[in-house]
Amino acid sequence: MTLRHFRILQTVAETGSFTKAAARLYITQSAVSHAIREMEEETGTELFDRLPRNVRLTPCGQLLLEEVTPILASCDTLEAHMGRLEYQAPLRIVSSITIASFWLPEALWRFHSEWPDTEVYVDVAPAAAVMDLLQKGKADLALTEGTLPQGAYVCDIFASYSMKILCAPGYRKRPGPADVKELSQEKLLLREKGSAVRDTFDSALYLKGYAAHPRWTSVNSQALIEAAKAGLGITVLPEPLVEKEIQKGELVELEVADFKLVNELIAVRHRSKYVTMPMRGLLKCVRSCKGRIVKGQGIPQI
């Protein structure tokens, strides 16, 4: 027996007529009669009493209907959900630390406002690990920074940030801008190799013919901020991360002639991966966010 047989059995029982069942199911009466006859042959018993004006389930037919009704109910539920599978399937994001701190909260707030039925799971990782997680299939979308990744990817640059070269007030005695050589010889407080900030800084120095030899290397940006505030050296960090310290005068920007540091923020997905409607919505929200943490009442939990 098939689900088609079960549906016909249920409909004949509800209508009390082969003819009415056929009309409801948009099939012929002979198809209904043939299906009932096949079920009766397989069960070895009559399922309906054929009365003069209608048909009625036999006790055996009633037992069979009780068995198949939960199956048909589950099929109805599944069919109702079929058109919303895209909206109910969760999205998985892997994000670099800076993007997760300053861009992603706003993007997800916007997304959850527009797509409340779609769950989003986020892994926050160093920039060096973000693409590795995407490549291994552990994420649908990677939000990374720095250079465009190579490979079969679709890359969407959605924002950028400048990197600030900072020290404590009074740390540097000589007035005026520094040059790149002087900067490379300073006591540098830098992020670890493999981070987007460090890689951009190292690449910019290399193009000028110099290399960094940091006094401090840290995976924690706040540790570098505190070290710079204590006058232990010069740090290089994303502007959004150090805005408060600059505004309070705890750190000052060191101008370096002909040395601008900018990181682009990139949304990356596999070229061959199907893009669902919620994914399109998420990408739209990522492009529209302004790099701030949203505050206010009634914000969805993210």
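The shown structure was predicted, so the numbers you read here are calculated from the model rather than taken from an experiment. (Residues numbered from 1 in each chain as written. Predicted model: local features only at pLDDT ≥ 70, side-chain atom pairs only at ≥ 80, totals over all residues. Heavy atoms only, no water.)

Draft legend 1. Molecular detail of helix α10 (residues 196–207). Taking 1.5 Å per residue, 12 residues should reach 16 Å; α10 reaches 17 Å between its end C-alpha atoms and fits that length. For α10, the complete set of buried residues consists of Ala196, Val197, Arg198, Thr200, Phe201, Asp202, Ala204 and Leu205. At the exit of α10 stands glycine 209, carrying a positive phi of roughly 90 degrees. (Helix = DSSP H or I, 4+ residues; strand = E, 2+ residues; numbered from the N terminus. Expected span 1.5 Å × (residues − 1). Buried < 20%, exposed > 50% of the residue type's maximum accessible area, 1.4 Å probe, protein only.)

Draft legend 2. Expanded view of the packing of helix α1 (residues 3–15) against helix α3 (residues 29–43). Relative orientation of the contacting elements α1 and α3 amounts to 110 degrees, with a least axis distance of 10 Å. Between α1 and α3, the angle is such that the two are roughly perpendicular. Touching Arg4, His5, Ile8, Leu9 and Val12 of α1 are Ala31, Val32, Ala35, Ile36, Glu38 and Met39, all from α3. Grouping the constituent residues of the contact of α1 with α3 by class yields 8 nonpolar, 1 polar and 2 charged. (Axes fitted to C-alpha atoms, helices over the stretch in contact; angles between N-to-C directions. Parallel < 35°, antiparallel > 145°, perpendicular 65-115°, else oblique. Contact = heavy atoms within 4.5 Å. Nonpolar A, V, L, I, M, F, W, Y, C, P; charged D, E, K, R; others polar.)

Draft legend 3. Quick look at the UniProt feature "domain: HTH lysR-type" (unreviewed entry) in the chain. In this numbering, the UniProt entry assigns the feature "domain: HTH lysR-type" (unreviewed entry) to residues 1–58. Secondary structure content for residues 1–58 is 62% helix and 10% strand, and the end C-alpha separation is 18 Å. (UniProt positions renumbered as here; feature names shortened; annotations may be inferred.)

Draft legend 4. Highlighting the pattern of salt bridges. What the rule picks out here adds up to 17 salt bridges. Two residues, aspartate 140 and lysine 273, come together in a salt bridge whose shortest N-O distance is 3.2 Å. Highlighted residues: aspartate 140 in the loop between α8 (127–135) and β5 (141–145) and lysine 273 in the loop between β11 (262–270) and α13 (277–288), separated in sequence by 133 residues. Classification of aspartate 140 by relative accessible area gives buried; the value is 8%. Residue classification places lysine 273 among the partly exposed residues on the basis of a relative accessible area of 32%. Ionic pairing is found between arginine 191 and glutamate 192, a salt bridge with its closest N-O pair at 2.9 Å. Each member of the pair, arginine 191 together with glutamate 192, is buried. (Salt bridge = Lys/Arg side-chain N within 4 Å of Asp/Glu carboxyl O.)

Draft legend 5. Just helix α7 (residues 104–114), in detail. Within the sequence span of α7, burial applies to Leu104, Pro105, Glu106, Ala107, Leu108, Phe111 and His112. Along its buried surface, α7 packs onto β3 (91–95), α6 (97–102), β4 (120–124), β5 and α13.

Draft legend 6. How the structure looks around the side chain of serine 184. Tracing the chain through its elements places serine 184 in helix α9 (residues 180–184). Discounting residues that sit within four places of it in the chain, serine 184 has contacts with Leu205, Tyr210 and Ala211.

Draft legend 7. Fine view of the packing of helix α2 (residues 18–25) against α3. Axis separation between α2 and α3 bottoms out at 8 Å; the angle between their running directions is 110 degrees. What the angle tells us is that α2 and α3 run roughly perpendicular. Note on packing geometry: the crossing formed by α2 with α3 is right-handed. Across the interface between the two elements, Phe18, Thr19, Ala21 and Ala22 of α2 pack against Gln29, Val32, Ser33 and Ile36 of α3. (Left-handed = near helix turned anticlockwise from the far one by under 90°.)

Draft legend 8. Representation of the nonpolar core in the model. If you look at the biggest cluster of nonpolar residues, it comprises 47 residues, and the most contacted ones within it are Phe201 and Phe259. If you tally residues by element for this core, the top one is strand β6 (residues 153–167), at 6 residues. In this structure, phenylalanine 259 is in contact with Ile165, Val180, Leu183, Phe201, Ala204, Leu205 and Lys208, ignoring residues within four places of it in sequence. (Core = buried A, V, L, I, M, F, W, Y, C linked by side-chain atoms within 4.5 Å.)

Draft legend 9. Local environment of the packing of aromatic side chains. Applying the stated criterion to the full structure yields 4 aromatic pairs. Aromatic pair phenylalanine 111 and tryptophan 115: ring centres 6.2 Å apart, planes at 15 degrees, arrangement stacked. Residue tryptophan 115 is classed as buried on the basis of its relative accessible area, which comes to 16%. Ring geometry for phenylalanine 201 versus phenylalanine 259: centroids 6.1 Å apart, planes at 85 degrees, classification edge-to-face. Of this pair, phenylalanine 201 sits in helix α10 while phenylalanine 259 is found in the loop between β10 (252–253) and β11, placing the two residues 58 residues apart along the sequence. Phenylalanine 259 gets classed as buried once you look at its relative accessible area, which sits at 6%. (Phe/Tyr/Trp six-rings, centres within 6.5 Å; stacked < 30°, edge-to-face > 60°.)

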